[in-house]
Amino acid sequence: MTSLRINGQIHEVDVPGDMPLLWVLRDVVGLTGTKFGCGIAQCGACTVHIDGKAVRSCFLPVGEIGNRAITTIEAVGETPTGAKVQKAWLDLEVVQCGYCQSGQIMSAVALLAATPNPDDSDIDAAMAGNICRCGTYVRIRAAIKKAAGAQQA
Amino acid sequence: MTVHITPKLPKALSRRTVLQTGAAAGGGLLLGFQSPFAAASIPNATDGAPAPVGPFAPDAFIRIDRAGHVTFIMPQAEMGQGVYTAHAMIIAEELDAAFETVSVEASPPSDALYGNPVFGIQATGNSNSVRAFWTKLRQAGASARAMLVQAAAAQWKVDPAGCTASNSEVLHTASGRKLAYGALADAAAKLTPPAKPVLKNPKDFKLIGKPLKRLDTPDKVNGKALYGIDMLPAGVKFATLAASPVFGGKVAHVDDSAAKTIPGVRQIVVLDDLVAVVGDHMWAAKTGLSALAITWDEGANAHVDSAQVWKDIKAASEHEGAIAKAVGDAKKALQEGDPFEAHYELPFLSHAPMEPINCTVSLRADGCDIWVGTQVAARTQAAVAKLTGLPLAKITVHNQLLGGGFGRRLDVDGIEKSVRIAQKVDGPIKVVWTREEDIQHDFYRPVYYDRITATLKDGRIDGWKHRITGSSVMARWFPLGFSHGIDGDGVDSAVDEPYEIPNMRVEFLRHEPPAVPTGFWRGVGPNNNVFAIESFIDELAKKAGKDPVDFRLAMLAKKTPRLASALKLAARKAGWGNPLSPRRGRGVAVQVSFASFIATIAEVEVDHDGNIRVHRITSAVDTGIAVNPDSIVAQLQGGLIFGTTAALYGEIIIDKGRVQQSNFNNYRMLRIDEAPEINVHLIKSGEAPGGIGETGTTAAPPALRNAIFAATGIPLRRLPFDREVLAGRKRV
Amino acid sequence: MNAFSKPSLPVRRGLIGLAGIMALLLAWFFWIVLGPGPMSFAGGSRVTLANYHGVDPTGVPSELAHASLLKKGEYLTRAADCGACHTARGGVPFAGGLGFVLPFGTIYSANITPDKDTGIGTWSDASFLNALHKGIDDEGVHLYPAMPYASYTSMTDADALAIKAYLFSLKPIHAVVRDNTLVFPFNQRRLMGVWSVLFNSDKRFEPNATRSPQWNRGAYLAESLEHCSECHTPRTIFQSLNNRRKFAGATQAGWRAYNITSDANSGVGAWSDADLAKYLSSGNAAGHGSAGGPMGEAVDKSLSYLVPSDIAAIVTYLRSVPAISTSDLPAPKATPAPASYKEGVVADYDPRGKKVFEGACASCHGWTGVSPVTHYATLTGVRAVNDPTAINVAETVINGTDYMPAFGQGYSNDEIAAVANYVTARFGVSPSRITGKDVAALRKQASN
């Protein structure tokens, strides 16, 4: 049994240690907000936080997580930064199909946690790993800046 | 705001779902979600199953219960284009419903009730959701409103003409009395709908034209929104599959000894054309699949490659096609003038929606539940009926949000494969394709080969011949759309091109590529035609020694004034004519597509090694009445990115009968750090609404191509843009 | 003066000079031809197997002592890594057809399934031994030394015939292999006979009586079966192995086969035994990254099947190879890059390097180079990242590894060069300056 600390709750899961966290979240624990997009860490749809840092769960073996805190899109709104980012996403109506947006938001929250006032280059560095096929990039950038502004206030 | 479209669940609970069968008022299955970790069940009726029929259900679209809760049944699939919100706005406008309290849900499968008025079947595509349903949904709303007003007037014993409605209430103006819609639901249900409901004068619109918040967004930012891939019916097992890497190949032999030893692998399903591994989770299924040693009988297509595909289509295009449009005497004009000819090539493309193809099936002896996100719910039901032999009524399709459609989910191959696997498995099964499978077994945007010849007279086009050679997707998907050798979609935006040309001829020549299945891809026929025509127009402008904008305006002003206005606006906003640094260029493209009038100007920079940097794109859009202007801007922004991705990177290459691309490492998507600045300017219009979802995709490639032409003088004639050509290492 | 009398002084001087040059050339020629053997470095006394009294270093490990001939043959076939070269990309194992792209044409590997028409189904034991030991096929035709018979020559007859028995147990595959496309004079196979006389010892393995049994086992595995030298030892102008620089590294199929001598900076001297063993058996070791290219294949198809005692024997043997420094391979930088992308990179680097990295690489490799997902993806301390030519970084980006997708198809030469330079600059000890042209050349060298 592997013990995982997901969104503040301990989950005991009976899975192989090399199983990526993504499938444990989605298929075993039932938290489907974290999405499968590519399976090779190229699209970012599966992004979660491990101790607050954005990590691609499709490539992260559960056996390597240990006691580190896992946060998913379902709970990221409980942090002030997460709530601000979600609000900015709503205010600017970023979302289209929405499938990649869990990952986009997780990456954006991690960015703002580390860099409260990001410039365009910071946004590129943190967000370029997240693909949006609907092409919401223009609004993602604007929403991050808006959330950063709200954070400053 | 209480609007919701997906099941609301307590935050701490996960959503492993449990089928709760029980007779719902409508006779269908009532589905509930239940957490495996919580004792209490959470009943919910909005998971794609028909809503409980409220007392007032005047038509297929509107349900009002006694508590006044208003539910709209959405005839079209929500795949990001914002159609749930746009359709809800249209109905709510005429119904005078309090918009912030309405719920929307996916329609069950039914061509009769939810058929798209353009196609005659329940299908979401061709950017026509708003256009096609504009009148129908307004009438539905207006009709229901009239009945509610009539019910109130009857209760008050007053003249209905003295009553008005707003905010889900009927008001008697003279007395100030008010009755909520919920209180009127029972009485309204007994009335006969008016024969000719009176529609609002657009100047009285309260919702339409406002940038209202989308109904589906809140749950899409907190992880609660459910897509097909998120379905977890009780006892579900997980499967992933491999079809023959060579198109049309069959399974010859499977050695599953290693796969069976993988923990969590439950079953190997071998069908004639695919192998699936069933497991306790996707990881078991995926590792099990890669542990299989599958020998394929590659069949007849193992020799097919892209070089041959291009050679064949080029050769085919030498022949005459079916005449789709003839004006004046093109032959004579071309003979008498100095004809200029160019050819344009567009490659195969995969859709690659972010949500890979998937479908969850619960197949029982007496019925079947399908959870999927599809653009064709009724077709899904029919396909499942055909495979299972079950009557239509026993097949419940729970249509979910789509994690991108782009035309991919107009085909039901993924659903059919899932059902065929389910036939070999006990209990519910969720089949999820890997991204590799998704890219390598798509219905691809066909390759097209366009030949255009034209002559100029007095700086304007005099003769014009455009021959489009390519696959007819219509012939496969919607045979009515292919007649007399002409694919109605294949010639869209070519037969109705916007310029005043006295002598023209447009031909369509159907040429199917060997082995590679083709399908509709965001932007469909206009993608090809607008790219070829607008690229060619720029080459003509150069030949005529004219500025590309002036050259176009001269031929648009009379015939297509709405487009001429859009072009003038775009040129002004983009600073057309302002000087640029060396190797930077601006390019323009105009289009009438999906009944919208759009001018787009791109600004790019090309270095000496052929590397392209897209700096900004400006579009001016006249799409008639803009139901939700913010959604329209969003669709343009996204569509332009989608089209830029295709122009810069998009190409599916075939070698030895196999698709060579497999995932985002080699089928590349534009990323945020490459995304240009995008400015979209809406033109106010009282005309009927046009389509918008695909227009940006159509607009970007020719605008970018022409900008590269301006920056480098190199007339690219093929997509995606070839850096080797731009670096001077290869000829056009 | 008699025209046939003594030549004049200047002419005499010239002739003497010429003779001198000839003598030097001859000396140089013999210096190469008579170079040391692959195990000469070890000194001590070598004896024939028959006269060796220690544990037999050849054959299969003790775990398989009682296995069937086929099982033994399978183990040895894997240890000799026959499948890596005799299988085309996506082709049937052992049916041949893999192309080796050389500057003077392409050589295709043979079908070694027991098909009688297109494979080796009609080969006698003697012809099989001839091929492995002398580089001559069943029709007397000389093989190109792309077939490592100069290494296999030290394999015992028993082991070679066990391999043959295993190959003959496979399903015969009818597969005609394409003709080689070598240009003159390289298409003259008879020249290979000359080469063979000069450079193939045609001697079976001789244990070193002064070394341990484990060392001798390692030597047999490394030199004969696994034929490590073929990639890791540089070659002379005649394409023979230059054992004066044994295991000091060379280029193979476009990839750098790195220095694996015990040099602490350039080689593997600083690696722990456990890391070496882990890398050989699994293709990766924490702090040293993952094997890619031909080494990745060697691990996948061969080394990963060896029992732990055989891996340990190879490690023992490797440890004994004298340290040789490679001038352009400094000790890898062991410290991670700064967490912020804004720090740590030389400013004048092509900005596209950062662009490609942030989109396609940072998710797995992190900005520090220490992977947030798996140590397989950590770049810190990895030899390739600390190679200022960036050849293997570029090759890895183009072709991918078991753990990493291939980006060659989706990214341009300029982009791959830019990201390779970015990676070496950010995570390595000294930045590379590889160009798009270099990347284009690397793409062409890959076997296919």
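Residues numbered from 1 in each chain as written. Chains lettered and ligands numbered in written order. Predicted model: local features only at pLDDT ≥ 70, side-chain atom pairs only at ≥ 80, totals over all residues.

Draft legend 1. Focus on the overall build of chain C. From N to C terminus, chain C includes 16 helices and six strands. Here the C-alpha radius of gyration of chain C, 24 Å, is about what a compact globule of 448 residues would show, namely 22 Å. Pairs at least 24 apart in sequence give 68% of the contacts found in chain C among residues at least 6 apart. (Helix = DSSP H or I, 4+ residues; strand = E, 2+ residues; numbered from the N terminus. Rg over C-alpha atoms; globule rule 2.2 N^0.38 Å. Contact = placed C-beta atoms within 7 Å.)

Draft legend 2. Spatial organisation of the overall build of chain A. In terms of helices and strands, chain A carries six helices and five strands. Helices and strands appear in chain A in the N-to-C order β-β-α-β-β-β-α-α-α-α-α. Contacts in chain A between residues at least 24 apart in sequence constitute 62% of all its contacts with a sequence separation of at least 6.

Draft legend 3. Expanded view of the packing of helix α2 (residues 69-79) of chain C against helix α6 (residues 157-168) of chain C. Residue and element names in this part refer to chain C. Direction vectors running N to C along α2 and α6 enclose 105 degrees, while the axes themselves pass 7 Å from each other. Classified by the angle between their axes, α2 and α6 sit roughly perpendicular to one another. Counting all contacts with α2, which are made through L69, L70, K72, G73, E74, L76 and T77, the residues of α6 involved are D159, A162, I163, A165, Y166 and L167. (Axes fitted to C-alpha atoms, helices over the stretch in contact; angles between N-to-C directions. Parallel < 35°, antiparallel > 145°, perpendicular 65-115°, else oblique.)

Draft legend 4. Structural context of the sheet that holds strand β13 (residues 274-279) of chain B. Residue and element names in this part refer to chain B. On the basis of which strands lie adjacent, the open sheet formed by seven strands has the order β12-β13-β10-β20-β17-β18-β19 and mixed pairing. Of all the strands in the sheet, the pair left with one neighbour each is β12 (265-270) and β19 (395-399). Strand-to-strand twist in this sheet, taken as the mean axis angle between neighbours without regard to direction, amounts to 20 degrees. Those strands touched by helix α11 (residues 413-422) are β10 (237-243), β12, β13, β17 (358-364), β18 (367-372) and β20 (429-432), and its axis lies near 40 degrees from that of β17. (Pairing = 2+ DSSP bridges.)

Draft legend 5. Structural detail: the interface of chain B and chain C. Counting from both sides, the interface comprises twelve residues of chain B and, opposite them, twelve residues of chain C. Of the residues that constitute the side of chain B that touches chain C, the class distribution is one nonpolar, six polar and five charged. (Nonpolar A, V, L, I, M, F, W, Y, C, P; charged D, E, K, R; others polar.)

Draft legend 6. Spotlight on the interface of chain A and chain B. Taken together, the contact between chain A and chain B spans 48 residues of the former and 54 residues of the latter. For the side of chain A that touches chain B, the secondary structure elements donating two or more residues are α1 (21-29), α2 (73-76), α3 (80-91), α4 (101-114), α5 (120-127) and α6 (137-152) of chain A. Partitioning the side of chain A that touches chain B into residue classes produces 27 nonpolar, 15 polar and six charged.

Draft legend 7. Region of interest: unusual backbone geometry. In this chain, L719 of chain B is followed by P720 of chain B through a cis amide linkage whose omega measures -5 degrees. Structurally, P720 of chain B can be placed in the loop between α18 (695-712) and α19 (723-726). The residue after F184 of chain C, namely P185 of chain C, is reached through a cis peptide bond having omega 0 degrees. Inspection of the secondary structure puts P185 of chain C in the loop between α6 and α7 (190-199). Of note, D458 of chain B is a non-glycine position whose phi angle comes to about 55 degrees, a positive value. By the element assignment, D458 of chain B lies in the loop between β21 (448-457) and β22 (460-470). Even without being a glycine, S493 of chain B presents a positive backbone phi close to 70 degrees. Its location among the elements puts S493 of chain B in the loop between β24 (486-487) and β25 (503-510). Its 25 C-beta neighbours within 10 Å are what place S493 of chain B among the buried residues. (Buried ≥ 20, exposed ≤ 12 C-beta atoms within 10 Å, placed from the backbone.)

Draft legend 8. Main features of the pairing of β19 of chain B. All names here are of chain B. In terms of burial, β19 is largely enclosed, as five of its five residues are buried. Covered by surrounding structure in β19 are I395, V397 and N399 together with T396 and H398, the residues of both alternating faces. You can see the chain leave β18, run along helix α10 (residues 377-388) and come back into β19, and the turn it takes is right-handed. (Right-handed = clockwise from strand over helix to strand, strands pointing away.)

Draft legend 9. Main features of the sheet that holds strand β2 (residues 9-13) of chain A. Residues and elements named next belong to chain A. Taken in spatial order, the five strands line up as β2-β1-β5-β3-β4 in an open sheet, and their pairing is mixed. Two strands bound the open sheet, and with one partner strand each, they are β2 and β4 (53-56). Looking at each pair of strands side by side, their axes are set apart by 40 degrees on average, direction ignored. Across four bridges, strand β3 (residues 47-50) lies against β4 in antiparallel orientation. Within β4, the residue paired with H49 across the bridge is A54. Together, β1 (2-6), β2, β3 and β5 (69-71) form the strand contacts of α1, whose direction differs from that of β2 by roughly 90 degrees.

Draft legend 10. Geometry of the domain arrangement of chain C. Domain boundaries assigned for chain C yield domain 1 (63-199), domain 2 (213-320) and domain 3 (351-445). Relative placement of domain 1 of chain C and domain 3 of chain C: their C-alpha centres are 35 Å apart. (Domains from an automatic or database assignment.)

Draft legend 11. Main features of the packing of helix α3 (residues 129-156) of chain B against helix α4 (residues 181-189) of chain B. Residue and element names in this part refer to chain B. Two elements in contact, α3 and α4, have axes separated by 9 Å at closest approach and are oriented at 90 degrees. By the angle between their directions, the pair α3 and α4 is classed as roughly perpendicular. Residues M147, L148, A151, A152, A154 and Q155 of α3 touch α4, and the partners they reach there are Y181, L184, A187 and A188. Counted by class, the contact of α3 with α4 contains nine nonpolar, one polar and no charged residues.

Draft legend 12. Region of interest: helix α4 (residues 125-134) of chain C. Residue and element names in this part refer to chain C. Of the residues making up α4, those classed as buried are F128, A131, L132 and H133. Those residues of α4 hidden inside the fold are in contact with α5 (149-152) and α6. Two residues or fewer past α4, G135 is found with a positive phi of approximately 70 degrees.

Draft legend 13. Molecular detail of the domain arrangement of chain A. Residue and element names in this part refer to chain A. By the assigned domains, chain A splits into domain 1 (2-75) and domain 2 (76-152). Between the C-alpha centres of domain 1 and domain 2 there is a distance of 20 Å. Between domain 1 and domain 2, the residue contacts involve 17 residues of the former and 14 residues of the latter. Those elements that provide at least two residues to the side of domain 1 that touches domain 2 are β3, β4 and α2. Broken down by element, the residue count for the side of domain 1 that touches domain 2 peaks at three residues, all from β3. Here the side of domain 1 that touches domain 2 is built from residues that sort into seven nonpolar, eight polar and two charged.

Draft legend 14. Looking closely at α10 of chain B. Residues and elements named next belong to chain B. Along its twelve residues, α10 runs 17 Å from first to last C-alpha, staying within 8% of the 16 Å computed at 1.5 Å per residue. For α10, the full list of buried residues reads A377, A378, R379, T380, Q381, V384 and T388. Taken together, the buried residues of α10 touch α2 (111-114), β17, β18, β19 and α11. G389 lies just past α10 and shows a positive phi near 75 degrees. (Expected span 1.5 Å × (residues − 1).)

Draft legend 15. Summary view of the nonpolar core. L148 and I708 of chain B together with A394 of chain C are the most contacted members of the largest nonpolar core, which has 380 residues in total. Among the elements that line this core, the one with the most residues is α3 of chain B, at 14 residues. Every residue in contact with A394 of chain C, bar those within four places of it in the chain, is listed here: I416, A417, A420, I434, V439 and L442 of chain C. (Core = buried A, V, L, I, M, F, W, Y, C linked by C-beta atoms within 7 Å.)

Draft legend 16. Main features of the pairing of β18 of chain B. Residue and element names in this part refer to chain B. β18 sits mainly inside the fold: five of its six residues count as buried. Sheet topology note: the β18/β19 ladder contains five bridges and is parallel. Looking across to β19, one finds that C368 is bridged to I395.

Draft legend 17. Structural view of the environment of G414 of chain B. Residues and elements named next belong to chain B. Relative to the assigned elements, G414 resides in helix α11. For G414, a count of 25 C-beta atoms within 10 Å puts it in the buried group. Put simply, G414 and S107 are 307 residues apart on the chain and 20 Å apart in space, counted from C-alpha to C-alpha. Setting aside its immediate chain neighbours within four residues, G414 contacts I357, N358, C359 and W433.

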